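# Overview (structure and organization)
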Amino acid sequence: MMPPMAEGDDHVRGLTLDGYTAIPRVGGLILSPDGGRLVMTVQQLAADGKRYGTSLWELATGGEGRPRRLTYSEKGEGGAAFLPDGSLVFASARPDPTVKDDEAEGRLWVLPAGGGEARPLASISGGVGGVTAARSAPVLAFSAPLFVDSDTLAADTEKAKRRKDAGSSAILFESYPIRYWDHELGPRSARLLKLDVAGGGEVEDVTGEVSQALHESSYDLTPDGSTVVTNWARDAGAGLIEFDLVAIGPDGRRTLASDGDYMAPTVSPDGAWVAVLREERAAYDRASDLGLWLVDLASGEHHDALSAHDLWPQEAAWSPDASRLYLAIAERGRVPVYELELASGELRRLTDEGCFSSLCPAPEGGLYALRSSLSEAPRPVRIDAGGKVAELPGPGPALTVAGRVEEVVAHAADGVEIRAWLTLPAGASAEHPAPLLLWIHGGPLSSWGAWQWRWNPHLMAERGYAVLQPDPALSIGYGHDFIQRAWGRWGEVVLADLEASLDEALRRPDLDATRTAAMGGSFGGYMANWIAGHSDRFRAIVSHAGLWDLEQFHGSTDSGPFWEREWGSPYQPDERYRQLSPRHSIASVRTPMLVIHGQRDYRVPISEALRLWTDLRRHEVPSRFLFFPDENHWILRPGNIPVWYQTVLAFLDEHVLEKEWTRPDLV
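Below is a short write-up of the structure.

Definitions and cut-offs
Residues numbered from 1 in each chain as written. Predicted model: local features only at pLDDT ≥ 70, side-chain atom pairs only at ≥ 80, totals over all residues. Heavy atoms only, no water. Helix = DSSP H or I, 4+ residues; strand = E, 2+ residues; numbered from the N terminus. Buried < 20%, exposed > 50% of the residue type's maximum accessible area, 1.4 Å probe, protein only. Contact = heavy atoms within 4.5 Å. Pairing = 2+ DSSP bridges. Axes fitted to C-alpha atoms, helices over the stretch in contact; angles between N-to-C directions. Phe/Tyr/Trp six-rings, centres within 6.5 Å; stacked < 30°, edge-to-face > 60°. Lys NZ or Arg CZ within 6 Å of the ring centre and 35° of its normal.

### Brief notes about the overall build of the chain
Along its length, the chain carries 11 helices and 40 strands. Judged by the C-alpha coordinates and their principal axes, the chain covers about 70 × 65 × 60 Å. For the chain, buried positions account for 57% of its 667 residues. Long-range contacts, defined as pairs at least 24 residues apart, comprise 55% of the intrachain contacts of the chain with a sequence gap of at least 6.

Put into structure tokens, the structure is as follows:
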């Protein structure tokens, strides 16, 4: 945990790697039914400094006083939801003190509205997923992984014990996919469970069948708790998964919509409508698109609520009277809040700067949210009806960064505007120009703009580097045509946009055009690999979790058939796999490369890095390989994060600044 703050010490100024990992991280907000209490999920460094733990903190919505911590346990707490009476339900693996040798991996707990000890509501052997509560009834919905043949929670617990006693870890798969990001989808599979808190505490399995239908589930309850609305993974053949919208109620499961991939449904306060994000399924010659749809819960009739706007919504929340929707929408490197008046269809932008999330509309009007930017870690704010934003105190000291962030606007060869964020170190000037790092975002359908706990440019700026973070073709927040420009043409078009942005930035006298490097992770790692074989303008390249051979990637990633929509089938002659694979340009790679990968990355498997590393060594390219056996697509452990930055900085200092290589102490 962070050391106690001295009296009046309410800011952290500057970033050291050790201090950076100790900053409390706000992960989400929920608002009590009466609008008087905000509860935050906060991630903090554990006492031993080797892991992060989560806890729940409460903040008075008037902003008075500092937030206070509600929960304390070594296991941590999360997945919180308010019941109608103001009681707070949360998930935790903390043991039940009334149960001898409690080995359950998850429990639901309830903290009374008036205070007192939390008490357990349900014990789930395999753990508890996301929790949601009905607005008007003491009913909860949550997910939990159960064994295929478990028809009760007791039977599931008993089978877990038998496997443990036998020393068996085997998994038999009978469906696809079998992995997701960093874990296997077995031996248990997700079920959707309901609990009537006032009805005797019996947990009801409402899934209706055993499958992987809920492995990417998001769900909500109708106000009376009778019906769960969720997305439902359906096998569309040949390993392809499509996500329908379904309602599960007293009459069983019925499909509301299946003409796109649905996610993040939220039921209106009157129980009549569902607002849901709908992704138009991509095709070989057309990029996917994301919209906000309204679905009539009774009839299933649905329509695009933003059909008149070319926007990429991120989140939706209903006003208490169901007359409006508050939306967080990606837009030009920001995520502002919009208000959609449903009767008129009028869309009004409420906020300007910043990226907003965790929208919590208040009973008295306005809403609460988290706001962040490239210079501001997520903090709670209140947004009034007119769009005025007021900061609320967070769980730790505010962070003040030394560097400054500016926008850079360039134009591609086809005239399309390419914008970027430029983070400059404090000392950059014409007399002392800063070396420049080009950072390429992942996705590829993504954008820079929000605060990054991973890939934070200010850690580099504190050490004298400027960081350019462009939004090239395939970035969201610039309209569908902007994505379409590079659909099926990743490397060629995106590199041209990156170079246009880089050329524009390097016109500045406070940047050194002779000392540059390129870096990226995931899709950004793919582009780092592509740049290595198609450009010699950089002194160093860092590729984190990057794709190298698309045909190999298709067969080893956690959901290969998904990519066939854009690349075609790998079992039929299709030039895209060859044209888009950086591997085929290995003979042209000359720039020193640092390859980074985690063993438990199932989205971009370790095989990509292993083949890249082999090819680099066989072609005698100066290179190093930083490997994390216990990490996934991201580097998340507090002991590994500093090592990641130290190794990257040592590599950059060697090749960009021409300093002697200094091996980080812990590798």
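Okay, back to it.
### Re the sheet that holds strand 36 (residues 466-470)
Strand order across the open sheet formed by eight strands is 33-34-36-35-37-38-39-40, with mixed pairing between neighbours. Edge positions in the sheet fall to strand 33 (404-411) and strand 40 (623-628), since each has one partner strand and no second. Here the average twist between neighbouring strands, direction ignored, is 20 degrees. Bridge count for strand 34 (residues 417-424) against strand 36 is four bridges, and the pairing is antiparallel. Residue pairing across strands places Thr-423 opposite Val-467, the latter belonging to strand 36. Against the sheet, helix 6 (residues 523-534) engages strand 35 (434-440), strand 37 (511-521), strand 38 (540-544) and strand 39 (593-598), with an angle of about 145 degrees to strand 38.

### Examining the packing of aromatic side chains
Applying the stated criterion across every chain yields a total of 21 aromatic pairs. With 5.6 Å between their ring centres and 75 degrees between their planes, Trp-451 and Trp-453 make a pair best called edge-to-face. Trp-453 matches Trp-451 in its accessibility class, with the two residues each being buried. With centroids separated by 5.1 Å and ring planes inclined at 15 degrees, the aromatic side chains of Trp-563 and Trp-567 adopt a geometry described as stacked. Side by side, Trp-563 and Trp-567 carry an identical accessibility label, which is buried. Put simply, the rings of Trp-490, Phe-523, Tyr-526, Trp-530, Phe-553, Phe-562, Trp-563, Trp-567 and Tyr-577 touch in pairs and so form one group of aromatic residues. The lysine or arginine in question, Arg-253, covers the ring of Trp-232, its NZ or CZ lying 4.2 Å from the ring centre.

### As for the pairing of strand 26 (residues 337-341)
For a regular strand, the rule is simple: side chains alternate between the two faces of the sheet. Burial analysis of strand 26 places four of its five residues in the buried class, which makes it a mostly covered element. By the bridge criterion, five bridges tie strand 25 (residues 324-330) to strand 26 in an arrangement that is antiparallel. Its bridge partner being in strand 26, Tyr-326 is matched across the sheet by Glu-339. The antiparallel hairpin formed by strand 26 and strand 27 (residues 347-349) contains five residues in its connecting segment, where Gly-345 sits at a positive phi of about 80 degrees.

In short, the description is geometric, and any link to function would need to be established separately.
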